[in-house]
Amino acid sequence: MTIFRRPSLKFGAKRKREIPEGLWKKCPQCSEMIHHLALEENLNVCPKCEHHFSLSAKERISTIVDEGSFIEMDSEMSSVDPLEFQGVAAYKERLETYQKKTGLIEAVRTGNAMIGGYPVGLAVMDFQFLAASLGSVVGEKITRIIEESTAARQPIIIISASGGARMYEGALSLMQMAKTSGALARHSEARLPFISILTHPTMGGVTASFAVLGDVILAEPKSMIGFAGPRVIREIAHQDLPEGFQTAEFLLEHGLIDEIVPRAQMRNILITILSLLVEK
Amino acid sequence: MTPLPLDFEQPLLELEKCLDDLISRTPEDTHRISVMQEKLELMRVDLYKNLTPWQRVQIARHPSRPYALDYLERCFTDFVELHGDRCFGDDKAMPAGIARIGKYRCVIIMQQKGRNVKENVLRNFGSPHPEGYRKALRLMRLAEKFSLPVITFIDTPGAYPGIGAEERHIAESIAVNLREMMLLKVPIISVILGEGGSGGALGIGVSDKSLMLENAYYSVISPEGCAAILWKHRKHAPEAAAALKLTAQDLTDLKLIDGIVPEPLGGAHHNASMAATAVRHAIIEALEELEKKSLPDLLEERYAKFRKMGIFSE
């Protein structure tokens, strides 16, 4: 029998010191604490070690195009659930979750823009949305901007980041690889430049289609770029992977990409390349 | 030789055994025997006409299933194998060459699996390296030069996910084929014989006529791979196989392939000659149809076919 009862002390909700979230960011490479304004000013690149943080499509577009020149196309196009995919999580629910979480409708933004005064077609993938996986919408939007660029006789620039094809749309996703590559075939046949920019990470069906078909292929430093996932390869190879395997630096060494370009220099290099490949 | 039975074929096998028993014990009881035979036939038809997607995947992977070279032997004559990508090596998972089918001369590109361990070491279980896709492209160029149609036999679990494959850019070798096949100035016919494993299949699959055997599958990811990612365990592969909509009928409904080649009851491995006859017939029919088209029409229709693929809302 208890004589004394422990007094219950309640102070309502637990008090917490109020630090707005995301004010400071820790660099995953050098552990430097960086203020978000400093990071933004530096194009989301760590000022100390030059680690490239990921960028949303919107942010990336603003770092590349002439101010205010981007005119978005097909911004309302959205995914349906053509297979009525039932798994652990239904596709419809996943789409809704990601739309809410990111404020995006789909994983790529496409449109016309000017870069250094040159009109271009531009497609920028946004990894936040379902790992920017390639499904019907991503494939269709990219195909349309390529076709539009062929018709307008302008270069196309695609900035890739993707986990690969979108499982939830089955073989429909697979065929987007053929569809986008086919549109590039016609763009190429018309002797128009395609500049492909690979960012972290670009894998699977995106690497095995439009991403590596550029006349010029550029990559951001240390981006992971490959076909199969490293875990799968390690399991099959029964050995450790070579150092730097599937990084942009590794692929430069092995002859796949033309140049590694830090984010801060990307716009200027694009302008130079455009000035050399496009007759004015 | 009866092929190795699959799990779901057990009830059928048991009934077959009962029938054999009955015949050996009371051969004079023709009434009971015929009743049982009828029952067995009904059961067989019922089972094989209502296969689940996962059961079809198992048939597509059956170790006795006829492979590309089996069809080559039965459908083509005058085959001359042409080796190598003129760059790095010769991919034995992707044998190719020039041959004749009926009255048609053609280039034939195949994905070949091994029947046993030794063969599989040679054929790498039907998983091509970049050299395979580059050899395929070299032969497609040859086809274009000599105005020969291209026929591809697809049967791969997928392009090989290995260190060397990545170092030599397997993704690029596939991507270039997707682009170049779209503009290739000769008819292209692809037949998925067994496994249509993702990009590894599509890398020789951009065609004017995409045909699929009745029990073949064509998928963006293997059911096991999909199960491992979405269900967190490979044992859910049967559910993944259903969810992925990967059967020939599913792909027809989604308008992603142009025709289904029928297989003998129970699968091509029950009667390879019959399966080969159907494949040969389908190829010749496609060649007859495609040769009538003008080149601009052929290319426009090929582009339009893939252009329409995709379902979305706007």
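The model shown is predicted, which means the values in this text are computed figures rather than measured ones.

Our focus in this paragraph is the overall build of chain A. Tallying secondary structure elements over chain A gives 9 helices and 10 strands in all. A principal-axis box enclosing the C-alpha atoms of chain A has dimensions of 90 × 45 × 45 Å. Residue burial in chain A is summarised as follows: out of 280 residues, 52% are buried. In chain A, the proportion of contacts linking residues at least 24 apart, taken out of those at least 6 apart, comes to 68%. For chain A, the exposed area adds up to about 14100 Å²; of that, 51% sits on carbon and sulfur atoms.

Interface size is commonly expressed as the accessible surface area that is lost when the partners come together. Residues and elements named next belong to chain B. Looking at chain B, the domain boundaries give domain 1 (8-50) and domain 2 (55-307). Spacing between the C-alpha centres of domain 1 and domain 2 amounts to 37 Å. In this complex, domain 1 contributes 7 residues to the contact, which on the side of domain 2 involves 7 residues. In total, about 640 Å² of surface goes out of reach between domain 1 and domain 2, with carbon and sulfur atoms giving 62% of it. The three residues of domain 1 that bury the most area against domain 2 are Phe8, Tyr48 and Lys49, which together make up 71% of that side's buried surface. The interface formed by domain 1 and domain 2 holds 0 salt bridges in total. At the junction of domain 1 and domain 2, the tally comes to 0 residue pairs in polar contact (both at pLDDT 80 or more). Residues belonging to the side of domain 1 that touches domain 2 are distributed by class as follows: 3 nonpolar, 1 polar and 3 charged.

Residue and element names in this part refer to chain A. With 15 residues, helix H9 (residues 263-277) should reach 21 Å at 1.5 Å per residue; the first-to-last C-alpha distance of 21 Å fits that figure. Along H9, the positions that sit buried rather than exposed are Arg263, Met266, Leu270, Ile273 and Leu274. Buried residues in H9 make contact with helix H2 (57-64), strand E5 (108-115), strand E6 (118-125), strand E7 (156-162), strand E8 (194-202) and strand E9 (216-219).

Here the focus is the interface of chain B and chain A. Every contact between the two is made by 47 residues of chain B and, on the other side, 60 residues of chain A. Taken together, both faces of the contact between chain B and chain A bury some 4600 Å²; the carbon and sulfur share is 72%. Of all residues in chain B, the largest losses of buried area upon contact with chain A belong to Ile163, Glu166 and Arg307 of chain B, amounting jointly to 14% of the total for that side. Counting across the interface, chain B meets chain A through 4 salt bridges. Measuring nitrogen to oxygen at the nearest pair gives 2.8 Å for the salt bridge that ties Glu314 of chain B to Arg144 of chain A. Listed by contribution, the elements that provide at least two residues to the side of chain B that touches chain A are helix H7 (163-167), helix H8 (170-183), helix H9 (198-202), strand E7 (217-219), helix H10 (223-231), helix H14 (295-307) and strand E9 (312-313) of chain B. For the side of chain B that touches chain A, the element with the highest residue contribution is H8 of chain B, accounting for 10 residues. Taken together, the residues of the side of chain B that touches chain A sort by class into 32 nonpolar, 7 polar and 8 charged. Note: strand E4 (residues 78-79) of chain A against E9 of chain B, 2 bridges, orientation antiparallel. Bridge pairing in E9 of chain B links Ser79 of chain A to Phe312 of chain B.

Turning our eyes to something else, we now look at the environment of Ser136 of chain A. Tracing the backbone through its elements, the reader meets Ser136 of chain A in helix H4 (residues 136-151). Take Ser136 of chain A: its relative accessible area is 0%, and that puts it in the buried class. As for Ser136 of chain A and Val80 of chain A, which are separated by 56 residues in sequence, their C-alpha atoms are 8.9 Å apart. In contact with Ser136 of chain A, not counting residues within four places along its chain, are Glu169, Leu172, Gln176 and Lys179 of chain A together with Gly310, Ile311 and Phe312 of chain B.

In this section: the nonpolar core. The nonpolar side chains of a soluble globular protein tend to be buried with one another. Residue and element names in this part refer to chain B. Core analysis: the biggest nonpolar cluster contains 143 residues, and Phe76 and Phe153 have the highest contact counts within it. Tallying contributions element by element places helix H13 (residues 272-291) first for this core, with 10 residues. Dropping the residues within four chain positions of it, Phe76 is found in contact with Tyr71, Ala99, Arg100, Ile101, Cys106, Ile108, Ile151, Phe153 and Ile283.

Residues and elements named next belong to chain A. Summarising burial for E6: 7 of the 8 residues are buried, a large majority. Hairpin connection of E5 to E6: 2 residues between the antiparallel strands, including Gly116 at a positive phi of 60 degrees. Relative to E7, E6 is paired through 4 bridges, and the arrangement is parallel. Of the residues in E7, the one forming a bridge with Leu122 is Ile157. In this fold, E6 hands off to H4, which returns the chain to E7; that crossover is right-handed.

Counted under the stated rule, the structure contains 35 salt bridges over all chains. Put simply, Arg141 of chain B and Glu144 of chain B hold a salt bridge, and the shortest N to O gap is 3.0 Å. Of the two residues, Arg141 of chain B and Glu144 of chain B are both situated in helix H6 (residues 130-145); the distance of 3 residues between them amounts to about one turn of the helix. Put simply, Asp74, Glu140, Arg144, Glu147 and Lys179 of chain A together with Arg307 and Glu314 of chain B are held in one network by salt bridges that share partners.

All names here are of chain A. Structurally, the position occupied by Ala248 is in helix H8 (residues 248-253). You can call Ala248 buried: its relative accessible area is 0%. Residues Ala248 and Ala165, spaced 83 residues apart in sequence, show a C-alpha to C-alpha distance of 21 Å.

Turning to H10 of chain B, a few remarks are in order. Residue and element names in this part refer to chain B. Counting buried positions over the 9 residues of H10 gives 7, a clear majority of the element. Every buried residue belonging to H10 is among Pro223, Glu224, Gly225, Cys226, Ala227, Leu230 and Trp231, and all of these are buried. Note on H10: the residue one or two positions beyond its end, Lys232, has a positive phi of about 65 degrees.

Residues and elements named next belong to chain A. Segmentation of chain A into domains returns domain 1 (22-53) and domain 2 (55-277). Regarding the contact of domain 1 and domain 2, the summed buried area is about 640 Å², with carbon and sulfur atoms giving 55% of it. Between the two partners, domain 1 and domain 2, sit 0 salt bridges. The class makeup of the residues in the side of domain 1 that touches domain 2 is 3 nonpolar, 3 polar and no charged.

With that settled, the discussion passes to the sheet that holds strand E3 (residues 71-73) of chain A. Residue and element names in this part refer to chain A. The strand order across the open sheet formed by 7 strands is E3-E5-E6-E7-E8-E9-E10, and the pairing between neighbours is mixed. The two strands at the open ends of the sheet, each matched to only one other strand, are E3 and strand E10 (259-260). By the bridge criterion, 2 bridges tie E9 to E10 in an arrangement that is parallel. Following the sheet pairing, Leu218 is matched in E10 by Glu259.

Another point: the packing of aromatic side chains. Counting across every chain of the model gives 7 aromatic pairs over all chains. Where Tyr91 of chain A meets Tyr168 of chain A, the ring centres are 4.9 Å apart and the plane angle is 5 degrees; that geometry is what we call stacked. Here Tyr91 of chain A is found in helix H3 (residues 91-102), whereas its partner Tyr168 of chain A is found in the loop between E7 and helix H5 (170-189), with 77 residues between them in sequence. Using a relative accessible area of 0% as the deciding quantity, one classes Tyr91 of chain A as buried. Seen in terms of ring centroids, Phe245 of chain A and Phe250 of chain A are 5.4 Å apart; in terms of plane orientation they differ by 75 degrees. Their pairing is edge-to-face. Judged by its relative accessible area of 8%, Phe250 of chain A falls in the buried class. Among the aromatic side chains, those forming a connected cluster through ring pairs are Phe85, Tyr91 and Tyr168 of chain A together with Trp231 of chain B. Stacked on the ring of Tyr303 of chain B, the Lys or Arg Arg186 of chain A has its end atom at 3.7 Å from the ring centre. Taking the ring centre of Tyr67 of chain B as reference, the NZ or CZ of Arg115 of chain B above it sits at 4.0 Å.

Reading the values: rules and limits
- Residues numbered from 1 in each chain as written.
- Chains lettered and ligands numbered in written order.
- Predicted model: local features only at pLDDT ≥ 70, side-chain atom pairs only at ≥ 80, totals over all residues.
- Heavy atoms only, no water.
- Helix = DSSP H or I, 4+ residues; strand = E, 2+ residues; numbered from the N terminus.
- Buried < 20%, exposed > 50% of the residue type's maximum accessible area, 1.4 Å probe, protein only.
- Contact = heavy atoms within 4.5 Å.
- Areas by Shrake-Rupley, 256 points an atom, 1.4 Å probe, with all protein chains shown as cover.
- Domains from an automatic or database assignment.
- Buried area = accessible area lost by both parts, 1.4 Å probe.
- Salt bridge = Lys/Arg side-chain N within 4 Å of Asp/Glu carboxyl O.
- Polar contact = N/O pair within 3.5 Å; in protein donor to acceptor, adjacent residues only side chain to side chain.
- Nonpolar A, V, L, I, M, F, W, Y, C, P; charged D, E, K, R; others polar.
- Expected span 1.5 Å × (residues − 1).
- Pairing = 2+ DSSP bridges.
- Core = buried A, V, L, I, M, F, W, Y, C linked by side-chain atoms within 4.5 Å.
- Right-handed = clockwise from strand over helix to strand, strands pointing away.
- Phe/Tyr/Trp six-rings, centres within 6.5 Å; stacked < 30°, edge-to-face > 60°.
- Lys NZ or Arg CZ within 6 Å of the ring centre and 35° of its normal.

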